[in-house]
Each structure stands twice: as C-alpha cells, then as structure tokens.
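# Structural features, examined
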Amino acid sequence: MGETSLSGTGAARSAPARPATSRLRRRPRWLKTAFPYLLVAPAVIYLMLITLYPGIYAIIQSFYAVKFGPWQPVGFANYVRLWGDYQFWGALWNTLVIGSIALTLQCVLALLLAFFAYRDPWVRGWRIVFLLPMLFMPSAVAFIFKLSFLDARVVSDLLIRVGLIDGNLAIQSSVWMSRGLLILADVWQWTPFLFIIFVAALQGQDEEVEEAARLDGASWPAIFWNISLPMMKPVIAVALILRGIDITTMFTNVFIITKGGPAFGTETISYFIYRTGFRFFDFGYASAASVIMLILTILIAQFVVKRAFVSARS
Amino acid sequence: MARIELADIQKKFGLVWGVRDVNIDIADEEFIVFLGPSGCGKTTTMRMIAGLEEPTEGEIRMDGEVMNDIDARDRDVAMVFQGYALYPNMTIYENIRFPLRMRGVPRAEQDALVRQAAGLVELTDYLDRKPQALSGGQRQRAALARAIVRQPQVFLMDEPLSNLDAKLRQAMRVQIKHIQRQLRITTVYVTHDQIEAMTLADRIVIMQSGAVQQIGTPDQIYNDPANTFVAGFIGAPPMNLIAGRLADGTFTAPGLRVTGLPERRGGKVTLGIRPEDCHVTVGADHLQGIVFGVEPTGETTYLTVKAGEKLVEVKADRDFRADLDTPVAVGFDTTRLYLFDTASGDRLR
C-alpha cells in the first residue's frame, strides 16, 4: 500500500514537471558517442595529411625503383644497397659525431647558464634576449655563419688582426673544422632554447627545498648537483629528445654552409637523402634511407624517454 | 646548545617594515615559540636566525658571536619547514643522511647516526621509500629526523605541524617536545596556533605587525597579558574585550556594570574577561543580556550573550541549554578582570 501511494505521488509530481524539463535541450545519443571523436578529428586529419600520408608513401616507395619512369618493384633491394653503401654509413657517422657533440655542448652550456642565472630576479625580464637567436630564420643564421666564417672571412680577419693566427683559416679544407663550424652554428642558435627550458625548470622547483639544502650545509654547486639536476631529469630528457631529433635531421646548415663537404665529411643523413633524391632522382633509394632514419630517431627517442623517466620516477 | 641574542633587529622589504625593534634573548636549551597572525614577522625573524634572510639592522649573536655575515650553511642551524622540504629525488634514508654527507661526517659514522635519528621519530621501516610514498605525518617526521641527525646548535621550526590534521598535530606536538627535551637543543618554533604555543613553549614571543608585543612564559602570557592584542590572541575562545567607561571605580557598558574596581584614572577603558571566568547566574549580576547562541561541545557549553550590540562569550555548565532571546545574567570572577586603555590597547595596572 505504502509503495503504491508513494509511486502515485511521484507520478503526480513529475507529470507537471515534464514541460518544465523539456526546456532543457537534450543531446542526441549519437552525438554523445561521437563527440570525443569529433573533438580529436581535426588534429587527427591534420596529422594524417601532413605526416602519415607522406610517411606511408615513403615506406611504399622504398620497395620500388623510382627513376622518372614507372615504379619497378624491387623488394628489399634498396635496403640491401644501403647496407653496402659507404656514403650512407659515412653520413650516419657524420650525423652521430656532429649531432652528439653539438647536443652535449649546448646542453652543458645551457645548464651552466641556467645554473648561474635562474636565481637572478631580473632573469624574467631579460630572458627574452636569449630567445633572439631562435627567432631568426634558420637559413638566415646559416648564411650569417657562412659569410662570417667562409665567404667574407670575417672571423679569420678578426683573428689575424688580434694576432692569434697568421693566415686565413682554411675551414673548407679541413673536415673537422667544417664539422666544428656546423656544431658552432647549431650551438649558437639552440643553446638559448635549452637555457629557457632549464631556467623555467629551475625556477619552478620548490624554494624551500633549496633553503633546506643550504641549511643542511650544501654549497650552491652541491645543491645543483645533488638536488636540482636529478629533479630536472625529465625536463632535460624532453629537451634532449626535441633537440636530438632536430639535430638528427640537420639539413639547413649543411645545405647552406658546407654542402656536405669536404669529401662528404659533413654530409648528414638528411643531406644524403636530399642528394640521392633530388640530385640523382633516385627516389626509391632516398625513401629507403628516410625509413631507416625514421626508425633510428624513434628508437633513440624511446630509449631516452624510458631511461630518463623511469629513473626520475622510481 | 647555544644562546641566541637578537639585538635591535630590523628588517625592511623595500619600504615595508617586516620586523622592527626586535630584542630577544633566547637561553641555552630553551624552547621558544614565536606566535602571531600571518604577516606579523615571526617567520622573517626565524629566517634571519637561520641566515636565509639578512637583517637590515641589528645583530644576531649565537653564544656571543655575531652571526650576521656568516652564511646559512655555516651556522650549524637545522630547520624544519612548513612544507617539509624533503628532497624528492632521494629516499628517506638519503634525505636524513644528506646533512651528514654535506658536512663531511665520516662515512662509517653516517649509517649509525641516520638509523638513530630515524629510530627517534619511528621511521625505521620507511627508510627505503621516496618522500612521495609517505603520508603527511611521516614526511613531517622525516623532516624532523633530517634536522636532528647532526645534533645542530639550534633547531628552527617553521609551522611544522600546520599541514597535518588535528589528531596528528596533537601527537606530533608531544613528540617534538619530547625530542627537544631529550636532545636539549635550543629551539625556535614559529606558529600561529596559540594552543601549540601554550603547550610547547618555555617562553612565548607574541608578535604583531613586525613588533614584539610580549615575551613571557605561557602562564604569564595567559594570566598577565600586556595589551588587548595579546589578551585577544591567547585563549580559545578568546578573551571578551568590552569597551566602556570607567569612573569612580565603576565600569559601565551597555548591559554591563562592574563596581568595586580599584580607583584608577577613568575614561574610555576596555574590560577584558575570559569566558572561563564567567558564570551564568540567576537574577541580576554584572552583565544582563539575552541568549544569542548556545554551543555544546560535549565537554562544556559555550554561551554567547548579547548585551547591547556586544556579543560576550561565556563558558557555562556542560548541560546548560537555553532558548534564543531568553534573558540571562552573567557574573564575572572579579579577581580575573583586566582593564586596558581603549585608545592604546595597553594594560592598565
């Protein structure tokens, strides 16, 4: 009895309430299910067009011989040829040498700068200055370096006037000097980027922790080494991945400053791919090299992310 | 293990006074508590003792030696921070060992000292964990262990219990006091919680707006407040402060009349009476008012009486109950009345 009367009153009450609730717009069920997909759709479509399509295209092309005429399926022939191509291995080695030295230098430099600067109350004000090299067009930077070191010999001239050297620096005739020039250009342009990231990470760390360490008797370098640096590990990892991928695909500076010379001594993988594809028009072969490079970058990124994040968390 | 003297300490942040004219002598092995509302300068004063902040003027001396120009890390002072400030990248063991490592304690001795300190705060089972894996109370104890492990000259504690829940706070209070008594290390403790101050301190320094209001033992502060600020800050619920007039030994305010006060200069005077020194009576008494609110706490009942526009808090019997707006009379323990100058807030003695 009680139940029926209760449900009776409930129905009686909800009946006049119906028209009131109908003022609220109801979302159709299909929209509810589709909504999340709709939200990510633009990004996914964009990514597909920009990266996935050419990526898959390159993978397919790497199994064909493509030279102006119709595509000839060749199986793994392009990859086999890469395996035996000393120029490809040379490009790989150059990328590794130039990339790792440049990356280490700019990372250490940025860390040092950040260590000295992050406590400065004015660093927020003038850190925009550090962004300047990043704001320049990469090709413009490359031309500046080319002009000052090679074509116009500004640097050589300055060094001669100061009396440090006797004759012009023959950069183009030395593999290591040419590599050094590429490294210098990259370090100059990208140290600020890492600096900003590291400063932000250091400024974001708990000030109390630093003060505690000071009272525990730690010097500033000891605090940095024992506390700040370990806490920055994930940030450093992300920065290194970003820069690492960038450096692995280094092209602009090589293309403009050294053209891969002397004697292919500064030819990076990107430049090798460009040369194969757009100089010899061997697209299938270039695609195969690209695929290898893609796999390498993914592997390196995976490795760095895993190492850095696992040790930072556990 | 050190005597601390603060002599004419001033601290200015730009144009703003942080701390002014602070003179405190802290005896060896004393537990002293800086008490005051936020922004009163208590933390700044402590940070100056630590060396994290430099006084604009004045001298800080430890055992007679001027410390002003000595770096924080050379002062042999250990601090427990409000947010614990444990090193998140290290285990609890490494955290506690860190000050030993930084101060060059021989490796062979480190382990024993760490385990001893951890034992003192009952953290022995958690040494392998990272701070994130500990509860608030455990982190607090880890911070404490890190401070005591090297037996510093001075302990500084900056609101160390404010992030804990009430129950844990009470337990940790006892622990901290016990450890301080055991190690006999001079301790400066900053808090805004008057219960913590009363229960922990040998002496309390009450501060407001950067200036010291009163220094004294908890009993002195409670029984003999120097001004209305101290009177109103200590005690829960706080002392009733009723502004009125004093003439010919009689204090009057709306609904209130207290006679037989010693002859003193009359005029605008504030009368202070603690809720626990009031009692509800039948018939006419010092205060006539109506019931504004009744708050039973189980242990006792707090009655709020409205007299004129003023609300007066009274501690009544635990089973006292009354309806709103019923007339009520309140008697005062006249030996426990305090009179203050209304304008300056200073005690009239």
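Rules and cut-offs
- Think of each chain on its own: its residues are numbered from 1, step by step along the sequence as written.
- For naming, the first written chain is A and the first written ligand is 1, with later ones following in the order written.
- Side-chain atom pairs in this predicted model are given and counted only at pLDDT of 80 or more, local residue features only at pLDDT of at least 70, and totals for whole chains, interfaces and linings cover all residues.
- Put simply, DSSP marks the helices as runs of H or I at least four residues long and the strands as runs of E at least two long, and each gets a number from the N terminus on.
- As a rule, residues whose C-beta atom has 12 or fewer other C-beta atoms within 10 Å are exposed, those with 20 or more are buried, and those in between are partly exposed; C-beta atoms are placed from the backbone.
- Whether two residues are in contact depends on their C-beta atoms, placed from the backbone: they are in contact if these lie within 7 Å.
- The globule rule used here is 2.2 Å times the number of residues to the 0.38 power, and the radius of gyration it is set against is calculated over C-alpha atoms.
- pLDDT is defined as a per-residue confidence score from the predictor, taking values between 0 and 100.
- To get an axis, a line is fitted to the C-alpha atoms, and for a helix only the part in contact is used. The angle between two axes follows their N-to-C directions and goes from 0 to 180 degrees.
- We call two directions roughly parallel when the angle between them is under 35 degrees, roughly antiparallel when it is over 145, roughly perpendicular when it lies between 65 and 115, and oblique otherwise.
- By definition, any crossing whose near helix is turned counterclockwise from its far helix by less than a right angle is left-handed, and any crossing with a clockwise turn is right-handed.
- In this count, Pro and Cys sit with the nonpolar residues alongside Ala, Val, Leu, Ile, Met, Phe, Trp and Tyr, while Asp, Glu, Lys and Arg are called charged and the others, Gly among them, polar.
- A pair of strands is considered paired only if DSSP assigns at least 2 bridges between the two.
- Boundary definitions for the domains trace back to an automatic or database domain assignment.
- Any set of buried Ala, Val, Leu, Ile, Met, Phe, Trp, Tyr and Cys residues joined through C-beta atoms within 7 Å is what this text calls a nonpolar core.

### What about the overall build of chain B?
Summing up its helical and strand segments, chain B has 8 helices and 20 strands in all. Once the C-alpha set of chain B is aligned to its principal axes, its extents read approximately 75 × 45 × 35 Å. Here chain B holds 349 residues, and the buried ones make up 43% of them. By sequence separation, contacts in chain B at least 24 residues apart represent 64% of the contacts at least 6 residues apart.

### Some details on the overall build of chain A
Across its full length, chain A holds 13 helices and 2 strands. Rg of the C-alpha trace for chain A: 29 Å, well past the compact-globule value of 20 Å for 314 residues, more than 25% over. Seen through its C-alpha atoms, chain A measures out along the principal axes to roughly 110 × 70 × 35 Å.

### Overview of the confidence of the model for chain A
Residues and elements named next belong to chain A. On average, residues of chain A carry a pLDDT of 83, and 90% of them reach 70 or more. Per-residue pLDDT, averaged within each element of chain A, yields its smallest value for helix H1 (residues 2-21) (46) and its largest for helix H4 (residues 86-117) (91). In this model residues 1-17 is a low-confidence stretch, pLDDT under 50, and it forms 0 contacts with partners more than four residues away in sequence or in other chains.

### Considerations on the packing of helix H6 (residues 138-151) of chain A against helix H8 (residues 175-203) of chain A
All names here are of chain A. It is the contact of H6 with H8, at a shortest axis distance of 11 Å, that shows an interaxial angle of 135 degrees. Taken together, the axes of H6 and H8 are oblique relative to one another. In terms of crossing hand, the pair formed by H6 and H8 is right-handed. Contacts between H6 and H8 involve Val141, Ala142, Phe145 and Phe149 from the former and Leu181, Ala185 and Gln189 from the latter. By residue class, the composition of the contact of H6 with H8 is 6 nonpolar, 1 polar and no charged.

### Brief notes about the sheet that holds strand S10 (residues 211-216) of chain B
Residues and elements named next belong to chain B. Ordered in space as S6-S7-S8-S3-S9-S10, the 6 strands form an open sheet in which the pairing is mixed. The strands lining the two open edges of the sheet, one partner per strand, are strand S6 (77-80) and S10. Each strand axis lies, on average, 20 degrees off the axis of its neighbour in the sheet, ignoring direction. Judged from the 5 bridges that link them, strand S9 (residues 203-208) and S10 form a sheet pairing that is antiparallel. When the sheet's bridge partners are listed, Ile206 is paired in S10 with Gln214. Its contacts with the sheet put helix H4 (residues 136-148) on S6 and strand S7 (154-158), and the angle it makes with S6 is roughly 175 degrees.

### Quick word on the sheet that holds strand S4 (residues 57-62) of chain B
Residues and elements named next belong to chain B. On the basis of which strands lie adjacent, the open sheet formed by 4 strands has the order S2-S1-S4-S5 and antiparallel pairing. The sheet is open, and its two borders are formed by strand S2 (16-26) and strand S5 (65-66), each paired with just one other strand. When S4 meets S5, the two strands line up antiparallel, connected through 2 bridges. Note that in S5 the partner of Arg61 across the bridge is Val66. Along the sheet, helix H1 (residues 42-50) contacts strand S1 (4-13), S2 and S4; its crossing angle with S1, the most-contacted strand, is approximately 115 degrees.

### Regarding the domain arrangement of chain B
Residues and elements named next belong to chain B. Per the domain assignment, the segments making up chain B are domain 1 (4-232) and domain 2 (237-341). Measuring from the centre of the C-alpha atoms in domain 1 to the corresponding centre in domain 2 gives 38 Å. Contacts between the two partners involve 5 residues from domain 1, matched on the other side by 7 residues from domain 2.

### A word on the interface of chain B and chain A
Facing 17 residues of chain B, the contacting portion of chain A comprises 15 residues. For the side of chain B that touches chain A, the secondary structure elements donating two or more residues are S6 and helix H2 (92-102) of chain B. The residue makeup of the side of chain B that touches chain A, split by class, is 13 nonpolar, 2 polar and 2 charged.

### Examining unusual backbone geometry
Residues and elements named next belong to chain B. Geometrically, the link from Ala236 to Pro237 is a cis peptide bond, its omega value of -10 degrees lying close to zero. Tracing the sequence through the fold places Pro237 in the loop between helix H8 (228-233) and strand S11 (240-247). A positive phi is found at Asp63, a non-glycine position, where the angle reads about 50 degrees. Turning to its location among the elements, Asp63 is positioned in the loop between S4 and S5. The phi angle at Glu122 is positive, at roughly 60 degrees, despite the residue not being glycine.

### Overview of the nonpolar core
Among the nonpolar cores identified, the biggest contains 107 residues, and Val33(B), Met79(B), Ala145(B) and Leu156(B) are the most heavily contacted of them. Residues lining this core come from more than one domain, with at least three contributed by each of domain 1 (4-232) and domain 2 (237-341) of chain B. Residue contacts for Leu156(B): discarding those within four places in its chain leaves Met46(B), Ile49(B), Ala50(B), Val77(B), Met79(B) and Val188(B). Among the nonpolar cores identified, the runner-up in size contains 48 residues, and Ala102(A), Val199(A), Phe272(A) and Ala289(A) belong to it.

### What about the environment of Thr301(B)?
Residue and element names in this part refer to chain B. Along the chain, Thr301 falls in strand S17 (residues 301-307). Among the residues examined, Thr301 registers 19 C-beta atoms within 10 Å and is labelled partly exposed. Separated by 172 residues in sequence, Thr301 and Arg129 have C-alpha atoms that sit 46 Å apart. The residues touching Thr301, leaving out its near neighbours within four places in the chain, are Val294, Glu295, Pro296, Ala316, Asp317, Arg318 and Phe320.

### Observations regarding the pairing of S7(B)
Regular strands place their side chains on alternate faces of the sheet. Residue and element names in this part refer to chain B. When you tally the buried positions in S7, you get 5 out of 5 residues, the bulk of the element. Here S7 shows two buried faces, one formed by Val154, Leu156 and Asp158 and the other by Phe155 and Met157. Judged from the 5 bridges that link them, S7 and strand S8 (residues 186-191) form a sheet pairing that is parallel. Bridge assignment links Val154 to a residue of S8, and that residue is Thr186.

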